[in-house]
Amino acid sequence: MQLIAITGMLHQPKARFTQALVEVLSAETDRLALIDNSDVPMTIDGVTRQRLAGGCVCCSLATALVSLPGRLNADYALLPVSALADPEGLASILDSLRSECVQITTVSLIDTLTLVRSPHLRQKLEIYSDFQFYEPFDFPEIVHAAAGVPA
């Protein structure tokens, strides 16, 4: 299974990117899962959805996240993460999930406000993600990078 974690501060870009991934990956497989830890619940058709609410997968919900990949019957799992997630803590939890059966890609969507007002957070997002994209977001390019499918 390929787990794609989607981090960043703003909910709307994460939701649009997640939807774009679902549209593209649906052509590859019908075994898609959404592990929803976003700040606002996502409603996306065509995927099995597991909501992890009431905390963040980098700390208070880490145990719930760790147990999920083995129970999902999916080729791809999308994990939009709460804006409260600490990039370093999230990276540690995700590293514990890596195996021959679970490959992980982390994408950071870095908005202009984060870039300007939170240089420390921007730096952590850059260090602890595989791909970083900045506003304005080019979703076909991001989908291509994250999923390895043509843009």
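For the structure itself, look to the data block above.
Residues numbered from 1 in each chain as written. Predicted model: local features only at pLDDT ≥ 70, side-chain atom pairs only at ≥ 80, totals over all residues. Heavy atoms only, no water.

Brief notes about the overall build of the protein chain
Point 1. If you tally the helices and strands in the protein chain, you get six helices and six strands.
Point 2. Over its C-alpha atoms the protein chain spans a radius of gyration of 14 Å, differing by no more than 12% from the 15 Å that the globule rule assigns to 151 residues.
Point 3. By its C-alpha atoms, the protein chain is 40 × 35 × 30 Å across when sized along the principal axes.
Point 4. Evaluated residue by residue, the protein chain yields a buried proportion of 50% over its 151 residues.
Point 5. Pairs at least 24 residues apart make up 67% of the contacts formed inside the protein chain by residues separated by at least 6 positions.
Point 6. In the form shown here, the protein chain has an accessible surface area of approximately 7300 Å², with 52% of it arising from carbon and sulfur atoms.
Point 7. Put simply, the protein chain has 10 plus and 17 minus side-chain charges, and the middle of one group is 7 Å from the middle of the other. (Helix = DSSP H or I, 4+ residues; strand = E, 2+ residues; numbered from the N terminus. Rg over C-alpha atoms; globule rule 2.2 N^0.38 Å. Buried < 20%, exposed > 50% of the residue type's maximum accessible area, 1.4 Å probe, protein only. Contact = heavy atoms within 4.5 Å. Areas by Shrake-Rupley, 256 points an atom, 1.4 Å probe, with all protein chains shown as cover. Lys, Arg positive; Asp, Glu negative; His and termini not counted. Charge placed at Lys NZ, Arg CZ, Asp CG, Glu CD.)

Focus on the environment of Leu78
Point 1. Looking at the element boundaries, Leu78 is found in strand β4 (residues 76-80).
Point 2. Using a relative accessible area of 1% as the deciding quantity, one classes Leu78 as buried.
Point 3. A sequence separation of 31 residues divides Leu78 from Val47, and the C-alpha atoms of the two residues are 9.6 Å apart.
Point 4. With near-sequence residues (within four places) excluded, Leu78 lies in contact with Ile4, Thr18, Leu21, Val22, Leu25, Ala33, Leu34 and Ile35.

Focus on helix α1 (residues 11-25)
Point 1. The end-to-end C-alpha separation of α1 is 21 Å, in line with the 21 Å expected for 15 residues at 1.5 Å each.
Point 2. Turning to α1, its buried residues number three or more, namely His11, Pro13, Lys14, Ala15, Phe17, Thr18, Ala20, Leu21, Val22 and Leu25.
Point 3. Buried positions along α1 lie against β1 (2-8), β2 (32-36), β4, β5 (103-110) and α6 (139-147). (Expected span 1.5 Å × (residues − 1).)

Comments concerning the pattern of salt bridges
Point 1. In total, this model carries six salt bridges according to the counting rule given.
Point 2. Of the charged contacts in the structure, one is a salt bridge between Arg31 and Asp75, with a shortest N-O distance of 2.7 Å. With Arg31 in the loop between α1 and β2 and Asp75 in the loop between α2 (62-67) and β4, the pair connects residues that are 44 residues apart, well separated along the chain.
Point 3. With a relative accessible area of 31%, Arg31 lands in the partly exposed category. (Salt bridge = Lys/Arg side-chain N within 4 Å of Asp/Glu carboxyl O.)

Concerning the packing of aromatic side chains
Point 1. Taken as a whole and judged by the stated rule, the model has two aromatic pairs.
Point 2. An angle of 25° between the planes, with centres 6.5 Å apart, marks the rings of Phe131 and Phe133 as stacked.
Point 3. Classification of Phe133 by relative accessible area gives buried; the value is 11%.
Point 4. Ring centres of Phe137 and Phe139 lie 6.1 Å apart, and the angle between their planes is 45°; this geometry places the pair in the tilted category.
Point 5. According to the relative accessible area criterion, Phe137 is buried, its value standing at 17%. (Phe/Tyr/Trp six-rings, centres within 6.5 Å; stacked < 30°, edge-to-face > 60°.)

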